[in-house]
Amino acid sequence: AGLKVPRLYGTAEIDGVVYSVQEACLPLPSVRVGEWTDRHRRFCGALFTSAGAGTGDLRAALASREALRAKLDALGGEARRLAGTCARLLALADSELGGRPVRLGWVHRDFTPWNTMPVSGALTVVDWEWAEPGWVPLHDAFHFHLFPDILRGEIDPAQWERLVGDESPLAGLARDLGIHGALTPYAALYLYDTLIFYGDALASDGKSFDDSLLQRLRRLAEAWAERHSAMLPSGSVA
C-alpha cells in the first residue's frame, strides 16, 4: 500500500498522563495535505484486510457499542437524546443491509487528513490509539471526508448523499473490498460508532453533553437520517 508507520521509541507516564516518543514524520513542503488519493484508498483496503482482522459477525461487533448506548440512555437528558439518535442510525443501517452479512476488518478510526501524510511516494499514518481489528468497512474513508467539515461546523446532510452515491469518492474502495449495493448502511454505522465514542468519552470524563462537536455530529446524523427516510419507498423502515 506504500505505507510507513512511525517508529515508537518508548513511553513515559508523568502525573497520570502517558507521553510517547516516536519518530518525527513531516510532510514534504510540496505535498498538499488533505486530498483523498489513490494511496489513501490502497491503504484503507490493505489495512482492512490485513492479518489479524476480526472474523466475527456484525452483531458481535455491535454488542460492546450497544452496552455503551444503554449506559448513555440511562443517564437521561442530552445523553438519552444521543442514545436515541444512535438507535435510529442503527435501525437505518439494519434496514438497508436487509440481513446481508458484513465483513469486518481493521479500521484506524481516526483517519483524518492531518493524520495521513504523503511523503516520498509512501503514506505516513499516525495516531493509532483508536484502531480496532473488528469493525465495518469504509469507516476510515467516511471519517477522512466528513470529519474536517464537522470540526469546522459545516453541517451539510447533502454531503452524505454525495458520499454514498454512484459517483462517490468511496466507490473505488468499496469495489476493492467487494462491497456491492448502497453505501448508506456503512455511513449510518460510521456515525453511530463516532457518536457513541464521543458520548462515552464525555460521560467518562464527567463533561457536559452540550459539547459543541458532539452536538454538531448529532444534528448532522438527525438531518441526514431524516432526509434519507424521506427518500425511502413507502412502507420502508428506517
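Residues numbered from 1 in each chain as written. Predicted model: local features only at pLDDT ≥ 70, side-chain atom pairs only at ≥ 80, totals over all residues. Heavy atoms only, no water.

Colleague: Got a sec to walk through the overall build of the protein? Specific residues and values, please.
Modeller: For the protein, the count of helices and strands is eight helices and seven strands. Residues counted as buried form 45% of the 238 residues belonging to the protein. A fraction of 74% describes how many contacts in the protein between residues 6 or more apart in sequence connect residues 24 or more apart. Only carbon and sulfur atoms are counted for the fraction: they give 52% of the accessible area of the protein, which is about 11,700 Å². (Helix = DSSP H or I, 4+ residues; strand = E, 2+ residues; numbered from the N terminus. Buried < 20%, exposed > 50% of the residue type's maximum accessible area, 1.4 Å probe, protein only. Contact = heavy atoms within 4.5 Å. Areas by Shrake-Rupley, 256 points an atom, 1.4 Å probe, with all protein chains shown as cover.)

Colleague: A description of the confidence of the model for the protein should follow, citing residues and the corresponding values.
Modeller: Interpreting fine coordinate detail is not advised for predicted regions of low pLDDT. Of the residues in the protein, 88% have a pLDDT of 70 or more, and the chain-wide mean is 85. Here residues 28–33 scores under 50 on pLDDT; set against residues more than four positions off or in separate chains, the count is seven contacts. The low-confidence segment residues 234–238, where pLDDT is below 50, has six contacts with residues more than four positions distant or belonging to other chains. (pLDDT = per-residue confidence, 0-100.)

Colleague: Run through the pattern of salt bridges, naming residues and quoting values.
Modeller: Overall, the coordinates contain 15 salt bridges when judged by the stated rule. With a closest N to O distance of 3.1 Å, Asp-193 and Arg-109 form a salt bridge. Placement of the pair is Asp-193 in helix H7 (residues 184–205) and Arg-109 in the loop between strand S4 (105–107) and strand S5 (116–119), with a sequence separation of 84 residues. Judged by relative accessible area, which is 3%, Asp-193 ranks as buried. Ionic contacts of the salt-bridge type, sharing partners, join the residues Asp-38, Arg-41, Arg-42 and Asp-176 into one network. (Salt bridge = Lys/Arg side-chain N within 4 Å of Asp/Glu carboxyl O.)

Colleague: If you had to explain the pairing of strand S3 (residues 17–22) to someone new, which residues and values would you point to?
Modeller: Where strand S2 (residues 8–14) and S3 come together, six bridges link them in antiparallel fashion. Across the sheet, Ile-14 pairs through a bridge with Val-17, a residue of S3. From the end of S2 to the start of S3, which pair antiparallel, there are two residues, and Asp-15 there has a positive phi angle of about 55 degrees. (Pairing = 2+ DSSP bridges.)

Colleague: Describe unusual backbone geometry, and please don't skip the residues or the numbers.
Modeller: For Arg-109, which is not a glycine, the phi torsion comes out positive at approximately 75 degrees. You will see that Asp-127, though not glycine, has its phi angle at about 60 degrees, which is positive. Tracing the backbone through its elements, the reader meets Asp-127 in the loop between strand S6 (122–125) and strand S7 (132–135). Residue classification places Asp-127 among the partly exposed residues on the basis of a relative accessible area of 35%.

Colleague: Go over the side chain of His-40 with me, naming the residues and quoting the values.
Modeller: With respect to the secondary-structure elements, His-40 resides in helix H1 (residues 38–48). Among the polar contacts listed, one links the side chain of His-40 to the side chain of Thr-116, at a separation of 3.2 Å. Not counting residues within four places of it along the chain, the set of residues in contact with His-40 comprises Glu-35, Phe-111, Thr-116, Pro-118, Leu-123 and Phe-144. (Polar contact = N/O pair within 3.5 Å; in protein donor to acceptor, adjacent residues only side chain to side chain.)

Colleague: Describe the nonpolar core, naming the residues involved and giving the relevant values.
Modeller: By size, the foremost hydrophobic cluster in this structure holds 60 residues, and its most contacted members are Leu-58, Trp-135, Phe-142, Leu-189, Tyr-192 and Leu-195. Take this core: its biggest share by element is eleven residues, from H7. Excluding residues that lie within four positions of it along the chain, Leu-58 makes contacts with Leu-97, Val-102, Leu-104, Trp-135, Val-136 and Leu-189. (Core = buried A, V, L, I, M, F, W, Y, C linked by side-chain atoms within 4.5 Å.)

Colleague: Help me get a handle on helix H4 (residues 139–152), residues and values and all.
Modeller: The end-to-end C-alpha separation of H4 is 20 Å, in line with the 20 Å expected for 14 residues at 1.5 Å each. Leu-146 marks the point of greatest bend in H4, at about 40 degrees, and the proline Pro-148 comes within the next four residues. Most of H4 sits out of view: twelve of its 14 residues are buried. With its phi angle positive at about 80 degrees, Gly-153 sits one or two positions after the end of H4. (Expected span 1.5 Å × (residues − 1). Bend = angle between axes of the 7 residues up to and from the residue.)

Colleague: Just give me the short version of the environment of Trp-128, but keep the residues and values in it.
Modeller: Along the polypeptide, Trp-128 turns up in the loop between S6 and S7. With 17 residues separating them along the chain, Trp-128 and Phe-111 place their C-alpha atoms 8.9 Å apart. In this structure Trp-128 touches Val-5, Phe-43, Leu-47 and His-108, once residues within four positions along its chain are discounted.

Colleague: Before we move on, can you summarise a nonpolar patch on the surface with the specific residues and values?
Modeller: A surface patch of nonpolar side chains, amounting to about 280 Å² of accessible area, comprises Ile-14, Val-17 and Tyr-19. Mapped onto the elements, Ile-14 comes out in strand S2. (Patch = residues over 30% accessible without salt bridge, like charges linked within 9 Å, V, L, I, M, F, W, Y side chains within 5 Å.)

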